[in-house]
Amino acid sequence: MLETVHHLILHVVFILFTILLFQMFARESEFGTKGFNLQFLVMNIVIVVFTMVFPVVHSSGYVYDFKVVPVILAFIYGGKRVGYAVVTVLLASSFLTGHVFLNLLVNYAIYSLLLIPFSKWYRKAEWKKKLLMISLFYLLVPVTRAIFLLLKGMLDQLPLLISSTVVIWLTLFMSIYLIENRLEQARIKKELIKAEKFNVVSQLAASVAHEIRNPMTTVRGFMQLLQGEGLSNEQKTFIKISIQELDRAQEVINQYLSLAKPQTEEYEEFSLTDAMNESVEVMSAYAVMNSIEIKKDIEEGLMGKGLKLEIQQVFINILKNAIEAVKENGEITAAAAGDKDGQVVITIKDNGAGMPPEQLKVLGSPYYSTKEKGTGLGLTVCYQIVKRMKGEIHVQSKLGKGTTFTITLPGTGGQVR
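Residues numbered from 1 in each chain as written. Predicted model: local features only at pLDDT ≥ 70, side-chain atom pairs only at ≥ 80, totals over all residues. Heavy atoms only, no water.

For the protein, an unreviewed UniProt entry supplies the name histidine kinase and the organism Rossellomorea aquimaris.

**Brief notes about the overall build of the protein**
For the record, the criterion: Put simply, DSSP H or I for four residues or longer makes a helix, DSSP E for two residues or longer makes a strand, and each gets a number counted from the N terminus. Only protein chains enter the accessibility calculation, which uses a 1.4 Å probe. A residue is then buried if its area is under 20% of the maximum for its type, exposed if over 50%, and partly exposed in between. Should any heavy atoms of two residues lie within 4.5 Å, those residues are counted as being in contact. Surface accessibility follows the Shrake-Rupley procedure with a 1.4 Å probe radius. Residue values consider only the protein chains on display as shielding.
Assigned secondary structure in the protein consists of 12 helices and 9 strands. For the protein, the residues scored as buried account for 42% of the 417 residues in total. Of all intrachain contacts in the protein linking residues separated by at least 6 positions in sequence, the fraction that spans at least 24 positions is 72%. Of the accessible surface of the protein, which amounts to about 23800 Å², a share of 61% is contributed by carbon and sulfur atoms.

**Structural notes on the UniProt feature "transmembrane region" (unreviewed entry) in the protein**
Put simply, the rule reads: UniProt positions are given in the numbering used here, feature names are shortened, and annotations may be inferred rather than shown by experiment.
As annotated by UniProt and renumbered to match this structure, "transmembrane region" (unreviewed entry) occupies residues 6-26, 38-64, 84-110, 131-151 and 157-179. Taken end to end, residues 6-26 comprises 95% helix and 0% strand; its first and last C-alpha atoms sit 30 Å apart. Span residues 131-151 is 100% helix and 0% strand, its end C-alpha atoms 30 Å apart.

**Side note on the packing of helix α2 (residues 38-53) against helix α4 (residues 80-97)**
Rule in force here: Each axis is a line fitted through C-alpha atoms, taken for helices only over the stretch in contact, and angles between the N-to-C directions span 0 to 180 degrees. The labels follow the angle: roughly parallel below 35 degrees, roughly antiparallel above 145, roughly perpendicular from 65 to 115, and oblique for the rest. A clockwise turn of the near helix away from the far one marks a right-handed crossing, whereas an anticlockwise turn of less than a right angle marks a left-handed crossing. Under the scheme applied here, ten amino acids are nonpolar (Ala, Val, Leu, Ile, Met, Phe, Trp, Tyr, Cys and Pro), four are charged (Asp, Glu, Lys and Arg), and all others, including Gly, are polar.
Two elements in contact, α2 and α4, have axes separated by 10 Å at closest approach and are oriented at 25 degrees. The angle between α2 and α4 falls in the class roughly parallel. For the pair α2 and α4, the crossing hand works out as right-handed. Contact residues: Phe 40, Leu 41, Asn 44, Ile 45, Val 48, Val 49, Met 52 and Val 53 in α2; Val 82, Ala 85, Val 86, Val 89, Leu 90, Ser 93, Ser 94 and Thr 97 in α4. Per-class residue counts for the contact of α2 with α4 are 12 nonpolar, 4 polar and no charged.

**Let's talk about the pairing of strand β9 (residues 402-410)**
For clarity, the threshold we go by: For two strands to be treated as a pair, DSSP must find no fewer than two bridges joining them.
The element β9 is largely enclosed, with a buried count of 8 among its 9 residues. Where strand β7 (residues 343-350) meets β9, 8 bridges bridge the pair, whose relative direction is antiparallel. When the bridges of β9 are listed, Ile 346 appears paired with Ile 407. Turn length for the strand β8 (residues 392-398)-β9 hairpin, with the two strands adjacent in sequence and antiparallel, is 3 residues, and the turn residue Gly 400 shows positive phi of about 80 degrees.

**Section: the packing of aromatic side chains**
Stated formally: We call Phe, Tyr and Trp rings a pair once their centres come within 6.5 Å, taking the six-membered ring for Trp, and we label the pair stacked below 30 degrees between planes, edge-to-face above 60, and tilted otherwise.
Counted according to the given criterion, the structure contains 11 aromatic pairs. Where Phe 50 meets Phe 54, the ring centres are 5.4 Å apart and the plane angle is 50 degrees; that geometry is what we call tilted. Ring centres of Trp 169 and Phe 173 lie 5.4 Å apart, and the angle between their planes is 50 degrees; this geometry places the pair in the tilted category. Residue Trp 169 and its partner Phe 173 are both found in helix α7 (residues 158-226); the two are separated by 4 residues, about one turn of the helix. Here the aromatic residues Tyr 77, Tyr 108, Tyr 111, Phe 118, Tyr 122 and Phe 137 are joined through ring pairs into a cluster of three or more.

**Here's the deal with the nonpolar core**
For clarity, the threshold we go by: Working definition of a nonpolar core: buried Ala, Val, Leu, Ile, Met, Phe, Trp, Tyr and Cys residues. They are joined through side-chain atoms within 4.5 Å.
If you look at the biggest cluster of nonpolar residues, it comprises 46 residues, and the most contacted ones within it are Ile 72, Leu 73, Ile 76, Tyr 77, Leu 115 and Ile 176. When residues of this core are traced back to their parent elements, those giving at least two are α1 (2-25), α2, α3 (68-78), α4, α5 (101-124), α6 (127-152) and α7. Looking at this core, the element that brings in the most residues is α3, giving 9 residues. Among residues more than four places away in sequence, those in contact with Ile 72 are Leu 115, Ile 134, Phe 137, Tyr 138 and Leu 172. Core analysis: the next-biggest nonpolar cluster, separate from the first, contains 39 residues, Ile 292, Phe 315, Leu 363 and Ile 385 among them.

Given below as structure tokens:
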């Protein structure tokens, strides 16, 4: 009995130590992605091989199934390819370790089929809900086995089943806690870096923007006066271009000021339905000029709390980007609806050029833009406005298929009167 306890502790420590070792050597960029890299695959393979080469066997012949831990971790954090690779190694190892291949094949084929859809739901949940979900998922198998033992009258195996279930469940629970805690640390670090960038931009805007705006206004005024003199067409063209460039510089300064200005106005309840409809109306003329149709599917009576002009700035900016990304005769869909949690979900979808994953990762960062003359501040301001309203922006995009912006804002539960 004491030897079994010793082996149990050894397996638990080995699994947790291997996870910690992976976290020490894994690159920061690997956390927060949909699937980990080769190091994560190697980590799970090492754990699988160890648990199969040195199985924990009770004196009565009952085997503690620790190998289920890396299989579950592989599917929910590594994705299908990592999961299948770990299961393949597990089955191959059975020929060298004396395990019954057919039993493993049946058991882990069922596990794999269940884990594929489960992992998709799992990734969308908050980490505390993830612990509950994975507990219910894992306990499904021992509970069904316990029912089978009860029906067969094999009550002597129940204590072993219960003890192994508790130990393996705790190991799985601690493993997931370690990984989720590391993911949360990586997310917070990214947020801090992003906040520092915003802080630098804000300080730069506050100290420089006003000083630049005054002389630019003077220069623009004198250039407009020069247009009335007897100039050649070429000279008038040069002045026109200069005024346009000054206006563009003025717009950049305005974006800096929007990013830097503190929130002094009080938030009030307003109609998100009206804000969305008005924004689409404003951009419709621009869309028609580019032979693009904007379709609306906006629910009536949607309310939000914030500044209506600010959220309209967000909608107009994203719609403008969508129009510029779509070719002629393209299509944009602007939709808004309430969900069951009382939030308002706004989607702006286009069938334009789309973006690769590397662009999506840095979208909304200061100074990053896919446009030739863009500053990247437009979307940065949008992200800041939505964040101030306690909302979120999510972007999905595929090259050649288009981009979808999803804005989630807290609703007020009120109705438009």
